[in-house]
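Survey of secondary and tertiary structure
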Amino acid sequence: MDGAREVSPADDNDPFQQSIAAGRLRKLKAMDLAEDIGGGRYLLADGLENTLRRMGERGDIIRLMQRELTARRLDRAGVEQVVLTELREPIVGRLIQRGFSDEHRDRHYVMVDGIDGRVHYVDIGRGDATPPVPENATVRIEPTKAYASQADRTVDAVARANDGRYSIDLHLRHDPNASEAFAASHVRRLEAMRRAGAGPERQADGSWSIPHDHLSRAETFAQQQQRDRPVTLSILSPSPVTELTAKEAPTWLDRELEGGSSSTVRDTGFGREVRTALAARRQWLIEQQLADGHGHGFRLHSGAMETLRWRELKNASGRLAGQLGKRFEPACVGERVEGVIARRVDLESGPYALVERSRDFTLVPWRDVLDRNIGKVASGIMRADGISWQIGRGRSGPEIN
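Residues numbered from 1 in each chain as written. Predicted model: local features only at pLDDT ≥ 70, side-chain atom pairs only at ≥ 80, totals over all residues. Heavy atoms only, no water.

1. Thoughts on helix H8 (residues 270-287)
Taking 1.5 Å of rise per residue, 18 residues should cover 26 Å, and H8 covers 26 Å from first to last C-alpha, within 8% of that figure. Within the sequence span of H8, burial applies to Phe270, Gly271, Val274, Ala277, Leu278, Arg281, Trp284 and Leu285. Buried residues along H8 cover an arc of 135 degrees about the axis, so they all sit on one side. H8 presents Thr276 and Glu287 as exposed residues on the side facing more than 90 degrees away from its buried surface. In the stretch just after H8, Gln289 is the one whose phi turns positive, near 60 degrees. (Helix = DSSP H or I, 4+ residues; strand = E, 2+ residues; numbered from the N terminus. Expected span 1.5 Å × (residues − 1). Buried < 20%, exposed > 50% of the residue type's maximum accessible area, 1.4 Å probe, protein only. Arc of directions from axis to C-beta.)

Here it is as structure tokens:
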């Protein structure tokens, strides 16, 4: 190839080498990577080397996917296998495997058996950006957003109305309908930006100094985050889908049935398993008098999901009562909860914190910040959107939202 990316016939008379070169050029032309410009000359496509490298990497990935499917005895003959280095639409499916895509840069991938009847390979970015997920769990993967969020715009609005300052108190004064826990989520966003050197400064009184170009900085921060965390992965269920058909707990199948979105589930691969499970779950809900179904219609009863949640808590608390030798006391909205954060309990409806007291225990929705406070005494008021915890006895302990 010369400087103009043209290739001409070689001067030597070795017919073997000539035939190899000619055959390769014909192959590149068929791949739209070379153009025949006559006289035995070809013009090679710009970026040819990178294109071929990416194609080689994709071939390696497809072989990896086929090997993992074979190892798990998953028959996906004729099922499309999709390599996604950039996710554009959400994916729902069963997690087949997670592994390194680049060990040197600590980048990971997941293989997902989708309800759309395809097997997906998805780059999920840095390993510490996505929590561990058990194989066979049903997950939802969505692309992250690389622009300023509504939380960023809210912080900016509060700051502009308060001489460039933001705090939870100022937020609640600005929007009386906002909860303290909701405002605290904005503080966590500011703290993450501060650690990344993105601009906001925390003052001694706990308030924040917000620069005038906060939204521009927030967008740059979001773009930096997207490189390390291109997707958001959430667990819809840690259990195999076949175990959910008669489970006394609110499941993602119930939400699919309630939303009527089962039409997006294809009748092939994992999608076929989900269709079968949806039909069985529908019949079980009707038999349990938690739903009505006539013909093609289906409707969950009002309060059905709450009924399932209480059944799950009752079953889980019964098992825990036997282990702890203590009775279970449910936590109600508006009630003060105080005790030792004993451990995390994972249920179908989500994770809970086991709060242990001298004579009894309770279960309340888990917050990730409790990970580093297991074994400590904590207290807080139970609200519909969670608990703002105070760690340590009395009112002087640090508050964790």
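2. A short note on the packing of aromatic side chains
Two descriptors summarise a pair of aromatic rings, namely the distance from one centre to the other and the angle between the planes of the rings. For the coordinates displayed, the defined rule picks out two aromatic pairs. Aromatic side chains Tyr109 and Tyr121 sit 4.7 Å apart centroid to centroid with 20 degrees between the ring planes, which places their arrangement in the stacked category. Highlighted residues: Tyr109 in strand S6 (residues 107-114) and Tyr121 in strand S7 (residues 119-126), separated in sequence by twelve residues. Each member of the pair Tyr109 and Tyr121 is classed as buried. Between Phe328 and Phe361, the ring centres sit 5.5 Å apart and the planes meet at 50 degrees, which makes this aromatic pair tilted. (Phe/Tyr/Trp six-rings, centres within 6.5 Å; stacked < 30°, edge-to-face > 60°.)

3. Section: the nonpolar core
Counting residues in each nonpolar core, the largest one holds 20 residues, and the members touching the most others are Ile115, Val241, Trp252, Leu253, Val274 and Leu285. Where this core is concerned, the elements lending two or more residues are helix H7 (252-259), H8 and helix H9 (304-324). The greatest single-element share of this core, amounting to six residues, is contributed by H8. Formed by 15 residues, the second largest nonpolar core is a distinct cluster that contains Leu87, Val110, Val112 and Val122. (Core = buried A, V, L, I, M, F, W, Y, C linked by side-chain atoms within 4.5 Å.)

4. Digging into the packing of helix H3 (residues 150-160) against helix H5 (residues 180-195)
Contact geometry of H3 with H5 gives a least axis separation of 10 Å together with a crossing angle of 95 degrees. As judged from the angle between their axes, H3 and H5 are roughly perpendicular. On H5, the residues touching Ala151, Asp152, Thr154 and Val155 of H3 are His186, Arg189, Leu190 and Met193. Of the residues belonging to the contact of H3 with H5, the class tally is four nonpolar, two polar and two charged. (Axes fitted to C-alpha atoms, helices over the stretch in contact; angles between N-to-C directions. Parallel < 35°, antiparallel > 145°, perpendicular 65-115°, else oblique. Contact = heavy atoms within 4.5 Å. Nonpolar A, V, L, I, M, F, W, Y, C, P; charged D, E, K, R; others polar.)

5. Some points on the pairing of strand S18 (residues 360-365)
With respect to burial, S18 is a largely interior element, five of its six residues being buried. With two bridges connecting them, strand S15 (residues 327-328) and S18 associate as parallel partners. Looking at S18, one finds that Arg327 is bridged to Asp360. Relative to S18, strand S17 (residues 350-356) runs antiparallel, the two sharing five bridges. Along S18, the bridge assignment pairs Tyr352 with Pro365. Taking the residues that link successive antiparallel strands as the turn, the S17-S18 hairpin has three residues. (Pairing = 2+ DSSP bridges.)

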